[in-house]
Structure formats: structure tokens, C-alpha cells
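As a plain string of letters, each chain reads:
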Amino acid sequence: MSEQTISQPSTLQLILRSNGFLIGAGLTAIFVLAALVSFIWTPYDATQISISDKLKTPSAAHWLGTDHFGRDMLSMIMVGARVSMAVAFVAVGVGILAGVPLGLYAASKRGGLIDEIIMRGNDLIFAFPSLLLAIMITAVFGPGAVNAIIAIGIFNIPVFARLSRGAALSLWQREYIMAAQVCGKSKALISLEHILPNITNLLIVQGTIQFSLGILAEAGLAYVGLGAQPPLPSWGRMLNDAQTLISIAPHLALVPGLTIVLTVLGLNLMGDGLRDLLDPKLRRVKS
Amino acid sequence: MLRYISKRLVSLSASLIVASILIFIVIEIIPGDPAAFMLGINADPDAVEALREQLGLNASLTSRYFTWVTGLLQGEFGISYTYRVPVSELISDRIVISLPLTFYALVLSTLIAFPAGIYAASKRNSLGDVSVMGLTQLGVAIPNFWFAMLLVLVFSINLRWFSAGGFPGWDQGFFPAMKALTLPAIALALPQASILARVMRSSLLDTLSEDYIRTARAKGLNRRQALWRHALRNALIPVLTIIGLQFSFLLAGGIIIENVFYLPGLGRLVFQGITQRDLIVVRSVVILLVFAVIAVTFLVDIAYAIADPRLREGSR
Amino acid sequence: MTLLNVQNLNLSIGKTPILKDISFDLEAGRILGIVGESGSGKSITALSVLQLLPNGTKWDGEIKFDGEDIKTLSEDDFCHLRGNDISMIFQEPMTALNPVQTIGDQVSESIRIHTGKSRREAEQLARETLNRVELPESEFPLSRYPHDLSGGQRQRVMIAMAIALQPKLLIADEPTTALDVTTQAEILELLEKLVREDGLSLMLITHDLAVVAQMADDVVVMKDGEIVEQGASIDVFSKMQHPYTRQLFSASNHVPDRAPHQQDDNDIVLSVEHVSCDYKLPKTHLFSKQRYFRAVDNVSFKIHRGENVGLVGGSGCGKSTLSRAILALKSLDEGHVLINGKTFSSSGKGPDLSQRAATQIVFQDPYSSFNPRHKVKRLITEPFYTKTEELTDAQIDAAVTEALESVGLKAEDGDKYIHEFSGGQRQRIAIARALIVKPSLIVLDEAVSALDVSIRAQVLDLLAELSDRFNLSYLFISHDLSVVRSITDRVLVMERGKIVETGSTQDVFENPQHAYTQSLIRAIPKLDIEEIRAKEKMT
């Protein structure tokens, strides 16, 4: 009944879809750029304390104002972007590099003992309240960006393992996979040659989503003091610093908060846009 | 049904056992000797040794693990290294804040998400749908602790409707206590509600394109009836999973939110435990939370079986 | 009296025109067959009568039901009509029922929303209706859920839902396409009986000319959104004025030309010896003993060089498992498989990889048979992986050209992607992929079942020609017995994991011995003009 499922997206929807992707990609690009530029240039030294300039509201000299130590907020946001993005990016990388092979392997041994062990292991990680485990890990190994990466990355592993296992299982039912088996190809080779290329779209979309979740998680860890350590600025700790001063200097809380919201929003919009752009092909492949 | 439930029960208990071993090992490798920590830097080594003996730290790993687990089964968590009181006492003081907060947030999240998701799905592609989805997109992007700070700024500092933090205690009456938990619950619930609403919508849209919806329409049901009578119950099945996961998110998210509102809950207890090397407190709270998550997972499994007859009669 | 009158119906979805100038009448109490290949617009014609059209559909023209122009009806009026005066049965019984509601609730729901009967009265009527569709209370109480019913039983529930209120018009859209041939015969018989008993009009939509010829009083033949011929069955089938109707008819009865098979009794390509395969059953409880389901039970047979052997049986009879076992895609639990006289695989041992190239397979679904990310050349050279010797690029190119040309495609097609080809062409490419390593045996697993009849006839011709040219053997697995009859020398009939009958195709079809074979052959819808004439005379 393919005729039944044809449905025309409304014009409104089409515009929103393509615009959503453009807005998302634009926002993401701005923050990635800010992070990269911060390596060579920031308006001020992000760690430079200048008590005489403290708690300035945004002005021509300090576009986003200054904090309670007189540090330039824009510079701190730029350097903070570096930390946030690096942590989230590497954590997604950890998830993909460990999770995808596990998922593909489990799918190729469907129903076997190893499949069972991998999937139960995944369930186990899901049973831990994610932030709690992150807190435990950073508590054990000490706070810092690297440990934040490990803590967040561990939770990405089951996400990618499940996703790739599920997608691979449905691909294993495809006849072209059986044709490859008839040609004597091993399961590992088939996973690499036929399955992995056909799930990359899914991985890209999920990757953007996990990236944005990573940024949120990093901010949370940094907020409770378990992220990147001073003097390196980080968005989450800027919020922590702002908390006690929120009634006298709300911009201290608004600037980093909005930065996080816009970054995550941008990534999510881009992910949704990618899904719409990549999925129709994927669906055609399936049908 | 019974077979399915007992199967899940066995599998979840296994998870719990493995989790307890993991927690025990992780806590064991935390650097620092609690005995030395408790007695300060200049403590006499003999005194430290005596304290280690007294705390049972000199026994072998396995025997310490079993002592801990058997204690857990009897509701005894041991004595806090720093507070010198039974951990169970500490926990029972705090859990009456953390658990109600989590459930409060879960209820709020569900109450917001269901109508929003159902509305958006039934008015697919309309202005209403697009606005609801735009709002949820924003909601998903907001860090809950920042949202909590904004709530404090608006409702406590400017409008003075709520106090900015603290907890009066349940003995001050139900409503004052709930009032103190309201802002934290909203801060926790809104981002989760956004996720749930999106899942609800897409799950409903998926079921609405199923063949049996067409069957229902061919029977003479209108769109509304088809949605309420046939699509909703089927759409709930994946939504239940998300609700189960949300419990875990909310419980953990509560740890941070408690900090924003200075609520004396389990989250603050854990942080104090970590900074003061109070291992017994940390691992007791963590195992308790894991237990809570697994218990809720079990409830979700039962809800699954009620919603889906295929599971109930399972492998007959 | 004319119950349904469709005049100059034009319909488009978005900017794509689907139906052009469709006009037909359906008289009360008659059966109208609408027949056509995929994309002919037959299903959308049915849905437009019910006004259950996809979003973005526009139509003009006139549809009158029971004298009333449906354009004048509001959506509420239509809801009252659907399920009450017009009912519909769909193709996919496995997905057409709500999995979380009992069959009783689903049947009585249509009764309750239209009649305002109490729950008890509705359930009683539902019970009576389920009895009428031969689902007795002892086995099928109202409290049963759809998930453990078979396809045929679910389709009966669908029928019960449709006829519970004795509608004037029943629309059946490919009601038996997803079912086994024996189940198909039972369902069609039941439908015809109910329709005649209640004096309903039936609009039967199908791709199967034989089904229409057996049941319909009137016929509409559709092609590419247009009606090419219509009239009383007897007239349409005996005169066949339009060339497309003739083409459909001859394609449905097509028998490819084949050279008579010269059998050398000592030249055996495939030898299956006492093969059994088990599947694990889900454990009843955690510590229970693992139980197995024997899908293939002690099967032995041989295929000679150049011989085409058919393997038939209902769904779940084990024929797919057997084919997987022969290709060593599933391990054997007992027995051996020999290819060209040498052991290829046996129980407890993996396949002998050096013989992989000797057997190849063509699958049913031309759409999922290829990795969409590879070009045709890479797709069809995949079997070279079985070869140990290195081939030069020139050798590979020559092999690709030869394989593509022998299936009627061009060498340049190797540089295209698979989505640039139609279903029939893809099936040719699948055959090219199998041919390229010059195998002795090709397993054709429902290889023509997904194709429209005219394409199917062409592919059957190609298969026959290739078998003659390369002295190829086929194991032709199909649920469609008329196709098996047209292309095989010998046939194996499988039931519940065992081969119950074997013999030359002609003998088995003309003089079946085993009761199961007899029931299979009796159930084949026949496309025989003489029979249609005889039937017409009787009524």
C-alpha cells in the first residue's frame, strides 16, 4: 500500500524544515568558529582579572560585559566554547568508536551469548542515572576535562551500540546480505562492506544529537565543579559563579545560559534537518 | 503474564547485583584513606590503624562486599565516617525530599507532554503543531539548572511568590513542603516534558499511518475516534519506555537542582560524601538510586505487559 | 439497479496524475472484478469510493453511491456510510488489525458506532458474525487477540468486521494476495458465499486474472490509471478486444519454450542427503530444557545437470529453510549436501568454501536484493569473492559484459546504480550476479513472485533460455503452482518439513497422489475460458 502513505509535506513545513537546517547549521558554525578563533585571538585575555572593571553590563568595550572579577565575558565564552565542544566531540567519538563495533558485532551474532552479554551490559549502564555515574567517575579520578569526557563518553557507548545493533539487525534480513553470504564473505567483512555504509546516515544524525547532549552534560558537570578546572573558563562554571550574583548582575547568568541554549538548539535543528535530508534516501532503500 | 514478569524480575535482579559489585569496586579505587582523612593530616599512624580496624577497612575485599550487601538487605547501610551516625538515618532524612521531588517532576512532565504531543500529532503541520514543536525544541536545549536559576530570578527575587530555596520539612504541613518543591520540580520537568512531547507526537504519527488505523476509518470512525480508540494505546508503548528512562534522568538531575535551591536532599549528601571521602555514604546513596531506577524499570515492564497483549501472552 | 456509478473520475496526488477518466457501474448484487498490474490505479479507485484518500489528493468527476452524489456528503455523513453501507477488506491481514484489542472488541466496535446497540447486543452480533466467517466460539472466543491468529484467520476477522452490518457494497482490495494458495481458495469461497447469501455487491480488486475469472460477474481492466476494457466477464474473457487484455491473459498462462531435458542419471549437480534443520524455540521458563522446532525433517533428493526442479508448499512448510541449508546459510543439524558429487556441507561442519561458486541464488524482492550504495558492476562481481585465483581487470570486464548481455542488458549498465532500474530489470541483474561465476545450480527463491505478470513472463523466458544455453540446473521455490508447472521438469511437494510427494511435473499436476498435493492443486485459481463459459451457462 505505498499509495496510501504518500503524503505531501505542506509548504509551511518545507520552509521550516530547510530553514531549520540552515539556522541550525549557522548557529553551530558560529560557535565552532568562536572556539577555533579563541586559539589565536580573543578580545581580552579570558583569565585576566581586573577588579576595577567588575560586573560591567554589555558595552562597546566589553560586548557581553564583565564578571565579578572584571574578566571579559565574550572572551570567556569563546574559550569556554573550546572546552565544551572538545569534551562533547571526543565523548561522541568515544561512543561511536566503542559502540558501533560492539553493536555491529552483537548483530552479527544475533541471539548468541556475546550478543546477550553486550546488550545486558548496555542495559546496566542505562540503569545508572547517567549524571550520577559521571559524578562518581569524576569524584574517583578527580575533576577535569578528560574525566568529564570519559564520564560522558561511557554513556554514549550503549546509545551507539543499540542504534547500530538495531539498524544492523534489520539489514541482516536484507537479501543482499544473504547474497554476500552466498559469495562466502565472512560476517565481519559483510558488516564492514555492506552494513556500516548503510547505517552512516543514522550515525551522523544520532551523533549530532549526542553532541548536543554532551554539551548539556558538560555544562552540568562544570556547574557542580566537576568539569574543566580554573583558571580555564567554562560555561557551566560561569553559571555557578553567577548564581549568587543573579539579583544584582543577571547578565552573568543570561549570557552563558543563552550561549548553551543556542548551541544546543543549533545542533538539534541541524540534526533534525540532516535526518530529513538523509532519511528519505534511507527509507527508499528500505522499501 | 506471570512468566513474563518473573523473567523480567530475574533479569533486573541480576542487573542489580552486577551494579552493586561495580559500585563497590569503583568506590574502592577512590584514592585516599578515609581513616586518615577523618583524623586529619597529623594523626598518629597507630590511631589511624585502630580506626581502620574499627571501620572494618582491613578485612578482605570480598568479605567487605558481603558485609555491605547483607547489611543492605537488612536496611543497614553502616555508619557514616564523617557524621558518625548510621547512614540509613542520613538517607531517610534526605530521601523524603529527593523522591517526592522526582515523582512531582515526573507527574508534571507527563501532564504537560501528553496533551502537547497528542495535540501536535492530531493537528499535524498546522500552525499549532509547528508552535508546539518549536517550543519543545527550545525546551530540549535549556539546561535545567540554568532554567532553575531563571525561575528563582523571576518568581522568587522579582515576584516573591516562592522562597529562593530551602525546605521547611514535611512536619510544617503538606502544602508548604510541596510549595518549596514546586520551582525545582518545574525546572526539572520542563526540559523532560519537551522530550516526552516530541516522542509522544512522533509515536502517534507512526501509529496513525498504520494499516489498522485505515481499517478503523473504513469501519466508519472519524479521525478523532481513530486516534483516541486505536492509535493512542499503541502509541503509548514506546512512550512508556521514555517515561521509565526519564525517572532516571530526573533522579540524577535532582542532584544538581538540589544545589540550586539549597534543598537538603540526596544530591547534596552525595556531594558532601565525595568531598569528605565518606565512601559509605556515597555508595549507599548510589546503590539506592540504582535500585530506585531498576524498580521503576520493573514497573514500566509491567505497564508494557498491560498495554501490549503480545507481551502478556508472550512465548506461549 | 445501479448501486455504484463512477463517471469521468480524474484523480491526482500532488502534481502526479493517478487516474484518468475512469467510468464504470456496479449493479446491486453483482461481483465486479477490477484487475490490473501494479501502478494501474486499481487500489486508489477503491479508496476514492470510500474517500479514504492520501493527503494532497485532488479529484473531479462524479461518484454516485445508491443514487447519491458523494461530493454532497459531509465527512460526518461519510463516517456513517463507511462500515455501515460500504465496507472494505485490505490486503495485509497481518497489520490491518489493532494488535492491542481483542477480535471481539474490534468486530463489535463497527456494530456499536453505527447502531447504538448495547455492548452485550453488539457482542452477540459479533459472535454470530464470527461464526459466519467460520471462526467458531470454541477456538476463537471474542477475547482472543489478533497476534496469535494466522493470516487466513485474521482475514476472516476482517471479513466479519466488514459484513457485520450487512453493507450494500463490499470492497476487497487484494484480499488473498498475502495468503497461501489453499487459504486463498478458502477465503475466496467464503467471500463469494457471504456475498451471494446477503445479496451484497462486491468490488474485488486484484492483480490475478484467474481470481477474477473465477468469481466476477463483470470485469474492469485497468492499465496506467485508465480503463482499457470493461464488460461482463464472459464477454471480456471470450472476446478480449483490447490488446492489453490479451497480453495480460497470455502472460498469466505463459509457458516458456524449453528444449526437452536430456537427463544423464550419473551427472548429479545437487544431492541432499537426510538433511534436517532445527530452530530454537523460546524457553518456557528460565531453567527449562531448550526445545527445538524441526523445520526440515530428514529430506533427501537429487538434481541432475540441466534439470529444473520445483519445490512447492504453503508458508511455514520449511522450503525457505531448506534452500538456506542447501546454500549453507544455515547450518545442518543432520545430513549432508553434496555439490557435483563432492561434500559441500554436512552437520557439525562449515561449508567447503572452494565450492561456494557452484551454487548461487536469486531472491524474491528485487528491491532489497542489492546494496543501494554500489554500482551494478560491483554488485554483480561480488560472487568472484568465492574464487581463489586473481582475475585481471580485463577478465572481470569481459565477465561483466557477458553476464549483463546474457540477461538482456547492456555492458554500459554496469556503471549505473541499482535505483536506476525497474523491478524486472533488477531481477535480470540478480540473475546476472548468479550467472557470473558460471554455477551449476541456481536456487530461485520465489524469484518471479514479486513481478507483474507481463514482466514475469519475460523473466521466465529468460530463465528457460539460460538453462538450455548453459545446461544450468534450477531449484525453483515458489508458492505459485502455475509458474512452477510452466518451467520445471520435476516437482517436490513439501509439508511440515517433509517431502510428501515427488515426481515429474506433469504427473504430479495431473495425477497428484498425496492428499496435501491434491488440496494444493485443487486450490489453484484456473484461467480457462471454457470453464468460464460453462459457469456462465449454469447461472
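Note that this is a predicted model, so its numbers are computed, not measured.

**A look at the overall build of chain A**
- Looking only at helices and strands, one finds 10 helices and zero strands in chain A.
- The linear arrangement of helices and strands in chain A, starting from the amino end, is α-α-α-α-α-α-α-α-α-α.
- Oriented by its inertia axes, the alpha-carbon framework of chain A measures out at about 75 × 50 × 35 Å.
- Looking at chain A as a whole, 55% of its 287 residues qualify as buried.
- Here the contacts in chain A between residues at least 6 apart in sequence split such that 71% fall between residues at least 24 apart.

**Re the domain arrangement of chain C**
All names here are of chain C.
- The domain architecture assigned to chain C consists of domain 1 (1-85 + 172-252), domain 2 (94-166) and domain 3 (268-529).
- Here the C-alpha centre of domain 3 lies 35 Å away from the C-alpha centre of domain 1.
- Taken together, the contact pairs 21 residues of domain 1 with 16 residues of domain 3.
- Each partner contributes to the roughly 1600 Å² buried at the junction of domain 1 and domain 3, and carbon and sulfur atoms together form 64% of this total.
- The three residues of domain 1 that bury the most area against domain 3 are Glu-37, Asp-180 and Val-181, which together make up 31% of that side's buried surface.
- In this assembly, domain 1 and domain 3 are joined by four residue pairs in polar contact (both at pLDDT 80 or more).
- For the side of domain 1 that touches domain 3, the secondary structure elements donating two or more residues are helix H7 (181-198), helix H8 (209-215), helix H9 (233-239) and helix H10 (243-252).
- Split by residue class, the side of domain 1 that touches domain 3 holds 11 nonpolar, seven polar and three charged.

**Re the interface of chain C and chain A**
- In this assembly, 35 residues from chain C lie in contact with 26 residues from chain A.
- Across the interface of chain C and chain A, roughly 2700 Å² is buried in total on both sides, 59% from carbon and sulfur atoms.
- Of all residues in chain C, Arg-373, Glu-382 and Tyr-385 of chain C give up the largest surface area on contact with chain A, accounting jointly for 22% of the area buried on that side.
- In this assembly, chain C and chain A are joined by two salt bridges.
- When contributions to the side of chain C that touches chain A are tallied by element, the ones reaching two or more residues are helix H1 (42-50) and strand E16 (359-362) of chain C.

**Focus: the nonpolar core**
- Counting residues in hydrophobic clusters, the biggest one holds 176 residues, and the most contacted among them are Ile-23 and Leu-204 of chain B.
- Among the domains, domain 1 (2-73) and domain 2 (95-315) of chain B are the pair contributing at least three residues each to this core.
- Once residues lying within four places of it in the same chain are set aside, the contact partners of Ile-23 of chain B are Phe-128 and Met-136 of chain A together with Trp-68, Arg-283, Val-286, Ile-287 and Val-290 of chain B.
- Counting 94 residues, the second largest nonpolar core, distinct from the first, contains Ala-46, Ile-86, Leu-188 and Val-219 of chain C.

**So, the pairing of strand E9 (residues 218-223) of chain C**
Residues and elements named next belong to chain C.
- Along E9, five of the six residues are buried, which leaves the element largely enclosed by surrounding structure.
- Bridge count between strand E3 (residues 31-36) and E9: five bridges; the pairing is parallel. Each bridged residue has a counterpart across the sheet, and for Gly-36 the counterpart in E9 is Met-222.

**Quick look at the sheet that holds strand E20 (residues 498-504) of chain C**
All names here are of chain C.
- Spatially, six strands are ordered E16-E17-E18-E13-E19-E20 in an open sheet, and the strand pairing comes out mixed. In this open sheet, the two strands that pair with only one neighbour each are E16 and E20. When the angles between neighbouring strand axes are averaged without regard to direction, this sheet yields 20°.
- Across four bridges, strand E13 (residues 308-312) lies against strand E18 (residues 473-477) in parallel orientation. Looking at E18, one finds that Asn-308 is bridged to Tyr-474.
- In this fold helix H11 (residues 319-326) packs onto E13, strand E17 (441-445), E18 and strand E19 (490-495), with an angle of close to 155° to the strand it touches most, E17.
- In the packing of helix H15 (residues 453-470) onto the sheet, the strands contacted are E13, E17 and E18, and the crossing angle to E18 comes to about 150°.

**Concerning the interface of chain B and chain A**
- Each partner contributes residues to the interface: chain B has 42 residues there, and chain A has 41 residues.
- Taken together, both faces of the contact between chain B and chain A bury some 3900 Å²; the carbon and sulfur share is 78%.
- By the criterion of area lost to chain A, the three top residues of chain B are Phe-145, Trp-146 and Met-149 of chain B, representing 15% of everything that side buries.
- At the surface where chain B touches chain A, the tally comes to four residue pairs in polar contact (both at pLDDT 80 or more).
- When contributions to the side of chain B that touches chain A are tallied by element, the ones reaching two or more residues are helix H1 (2-28), helix H6 (127-141), helix H7 (144-158), helix H10 (223-261), helix H11 (266-275) and helix H12 (279-307) of chain B.
- At eight residues, the largest contribution of residues to the side of chain B that touches chain A is made by H10 of chain B.
- For the side of chain B that touches chain A, the residue count by class is 35 nonpolar, five polar and two charged.

**Brief notes about empty space enclosed by the protein**
- In the structure shown here, the tally under the stated rule is six cavities of 30 Å³ or more.
- Taken as a whole, the largest cavity encloses approximately 70 Å³ of empty space.
- Considering the residues around the largest cavity, the lining is formed by Thr-215, Ala-218 and Lys-219 of chain B together with Gly-83, Ser-87, Met-88, Ser-110, Met-158, Met-161 and Ala-162 of chain C.
- If you list the elements that add at least two residues to the lining of the largest cavity, you get helix H9 (211-219) of chain B together with strand E6 (86-89) and helix H6 (151-163) of chain C.
- Tallied by class, the residues present in the lining of the largest cavity amount to five nonpolar, four polar and one charged.

**Points about the pairing of E18 of chain C**
Residues and elements named next belong to chain C.
- Of all five residues making up E18, five are buried, and the element is well covered by its neighbours.
- In E18, alternate side chains face the same way, and those of Ser-473, Leu-475 and Ile-477 on one face and Tyr-474 and Phe-476 on the other are all buried.
- Note: E17 against E18, five bridges, orientation parallel. In the sheet register, Ile-442 faces E18, and the bridge partner there is Tyr-474.

**A word on unusual backbone geometry**
All names here are of chain C.
- Here the phi dihedral of Asp-224 falls at roughly 50°; this positive angle occurs in a residue that is not glycine.
- On the secondary structure map, Asp-224 appears in the loop between E9 and strand E10 (226-232).
- The class for Asp-224 is partly exposed, based on a relative accessible area of 47%.
- Unlike most non-glycine residues, Asn-298 shows phi in positive territory, near 50°.
- Counting through the fold element by element, Asn-298 comes out in strand E12 (residues 292-304).

**Topic: the packing of helix H5 (residues 87-122) of chain B against H12 of chain B**
All names here are of chain B.
- Where H5 contacts H12, the axes come no closer than 10 Å and their chain directions differ by 50°. Classified by the angle between their axes, H5 and H12 sit oblique to one another. In this structure, H5 meets H12 at a crossing whose hand is right-handed. Facing H5, whose interface residues are Val-87, Leu-90, Ile-91 and Ile-95, H12 presents Ile-280, Val-281, Ser-284, Val-285 and Leu-288.
- Classifying every residue of the contact of H5 with H12 by side-chain character gives eight nonpolar, one polar and no charged.

**Quick look at helix H5 (residues 119-132) of chain C**
Residues and elements named next belong to chain C.
- With 14 residues, H5 should cover 20 Å at 1.5 Å per step; its first-to-last C-alpha distance of 20 Å lies within 8% of that length.
- Every buried residue belonging to H5 is among Ala-122, Leu-125, Ala-126, Arg-127, Thr-129 and Leu-130, and all of these are buried.
- Next to the buried residues of H5 lie helix H4 (103-115) and H6.
- Among the residues trailing H5, Glu-134 stands out with phi positive, at a value near 65°.

**As for the environment of Ser-50 of chain A**
Residues and elements named next belong to chain A.
- Its location among the elements puts Ser-50 in the loop between helix H2 (11-40) and helix H3 (73-108).
- Between the C-alpha atoms of Ser-50 and Asp-72, which are 22 residues apart in sequence, the distance is 9.2 Å.
- Ignoring anything within four residues of it in the chain, the contact list for Ser-50 reads Phe-69 and Gly-70.

**Topic: the packing of H7 of chain B against helix H8 (residues 174-208) of chain B**
Residues and elements named next belong to chain B.
- For the pair H7 and H8, interaxial distance at closest approach is 9 Å and the crossing angle is 135°. The orientation of H7 with respect to H8, classified from their angle, is oblique. Handedness of the H7/H8 crossing: right-handed. Here H7 contributes Asn-144, Phe-147, Ala-148, Leu-151, Phe-155 and Ser-156 to the contact with H8, which in turn contributes Leu-183, Ile-186, Ala-187, Leu-188, Leu-190 and Pro-191.

**Here's the deal with the side chain of Gln-210 of chain A**
Residues and elements named next belong to chain A.
- As for its position among the elements, Gln-210 is in helix H8 (residues 187-223).
- According to the relative accessible area criterion, Gln-210 is buried, its value standing at 7%.
- Looking at Gln-210, its side chain comes within polar contact range of the side chain of Asn-156, at 2.7 Å.
- When sequence neighbours within four positions are dropped, the list of residues in contact with Gln-210 reads Val-92, Asn-156, Val-159 and Phe-160.

What counts as what
- Residues numbered from 1 in each chain as written.
- Chains lettered and ligands numbered in written order.
- Predicted model: local features only at pLDDT ≥ 70, side-chain atom pairs only at ≥ 80, totals over all residues.
- Heavy atoms only, no water.
- Helix = DSSP H or I, 4+ residues; strand = E, 2+ residues; numbered from the N terminus.
- Buried < 20%, exposed > 50% of the residue type's maximum accessible area, 1.4 Å probe, protein only.
- Contact = heavy atoms within 4.5 Å.
- Domains from an automatic or database assignment.
- Buried area = accessible area lost by both parts, 1.4 Å probe.
- Polar contact = N/O pair within 3.5 Å; in protein donor to acceptor, adjacent residues only side chain to side chain.
- Nonpolar A, V, L, I, M, F, W, Y, C, P; charged D, E, K, R; others polar.
- Salt bridge = Lys/Arg side-chain N within 4 Å of Asp/Glu carboxyl O.
- Core = buried A, V, L, I, M, F, W, Y, C linked by side-chain atoms within 4.5 Å.
- Pairing = 2+ DSSP bridges.
- Axes fitted to C-alpha atoms, helices over the stretch in contact; angles between N-to-C directions.
- 1 Å grid on protein atoms, 1.4 Å probe; cavity = no way out; pocket = protein on both sides within 12 Å on 5 of 7 lines; lining within 4 Å.
- Points joined across faces, edges and corners; volume = space filled by probe spheres on them.
- Parallel < 35°, antiparallel > 145°, perpendicular 65-115°, else oblique.
- Left-handed = near helix turned anticlockwise from the far one by under 90°.
- Expected span 1.5 Å × (residues − 1).

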